[in-house]
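# Coordinate analysis (summary)
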Amino acid sequence: MSSEEKGNGSKQLYAGIVIISVLILSSIFYYAEYREINDPYDLAGRVVHVSEDIKSYQFEMSSNITILGETISALEGSGYVGYDDQQMDITFFSPEKSIDMMVVDEKAYMRENGGIWQSRNLDKDTWTSNDQLSQNEFLLEESTNLSMERTDSGIILTAIPEQESLIQEAENVGLDLQGTEQLNEYYVRYLIDEDTYYVLSIETYIDIQMKVQGMNSPVIIDNVINIYDYDEEKDVEAPL
């Protein structure tokens, strides 16, 4: 065999090795991306990873508080969040008042009880506190106790976040914690689509013993957010 033929043979061998290596790596990446996930921490990582490519979503939420054996509707809301254009169109209702909020062109517009719109420059805290999906994914990332269960409706991922997150969640619905409360139960339960790994609903449940009207009493907070219409973007216009 001539040296030229040997050289051509070596090139073909190297080319074959490269092709095989690419195919093997592709198979590994495919397996890592599409294999069935059975570990809750892998599932949490996949949910957070997939969420990075979400362009928009809509949500409906309700928050109930049970105090002294009576359940009241503390807060309801619905809205649209668009990441590409950084837009929001959200309405919240409580027994005392309603709040409308819109975010357009780096401006936040707000009004109470259908009154006059007020505007200000959009700041990070305003966006973060109203972005329901990212806010709850932070709880997921901060959780060190995770479990999962497969159901006909999807995958249920249950997280028990750190107690600091409990304080923030309780303050979000108007409870003023004094530091003497006793936590009985606290979890965040995510319903996840098995095909897309999109979050379909988020339930935050808090059972805490605290003083109410001078008496120690259990207080239960049950907050549910349903998320839908992913990546169905809409145009939000600033109010007149």
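That block above? That's the structure.
To keep things clear, this report deals only with the structure shown in the data block. Quick caveat, the model's predicted, so the values are computed rather than measured. (Residues numbered from 1 in each chain as written. Predicted model: local features only at pLDDT ≥ 70, side-chain atom pairs only at ≥ 80, totals over all residues. Heavy atoms only, no water.)

## Examining the sheet that holds strand S4 (residues 98-104)
Reading across the sheet, the 11 strands line up as S6-S5-S4-S3-S2-S1-S11-S10-S9-S8-S7 and stay open at both edges, with antiparallel pairing between neighbours. Of all the strands in the sheet, the pair left with one neighbour each is strand S6 (118-121) and strand S7 (145-151). Within this sheet the neighbouring strands show an average axis-to-axis angle of 15°, counted without direction. Relative to strand S8 (residues 154-160), S7 is paired through seven bridges, and the arrangement is antiparallel. Bridged to Glu 149 within S8 is Ile 156. Relative to the sheet, helix H2 (residues 40-51) contacts S7, S8, strand S9 (182-192) and strand S10 (199-212), its axis offset from that of S7 by approximately 85°. (Pairing = 2+ DSSP bridges. Helix = DSSP H or I, 4+ residues; strand = E, 2+ residues; numbered from the N terminus. Axes fitted to C-alpha atoms, helices over the stretch in contact; angles between N-to-C directions. Contact = heavy atoms within 4.5 Å.)

## Quick look at unusual backbone geometry
The residue Asn 113 is not glycine, and still its phi comes out positive at about 50°. Mapped onto the fold, Asn 113 is located in the loop between strand S5 (107-112) and S6. One non-glycine residue, Asp 229, lies in the positive phi region at around 50°. If you trace the backbone, Asp 229 turns up in the segment after strand S11 (215-228).

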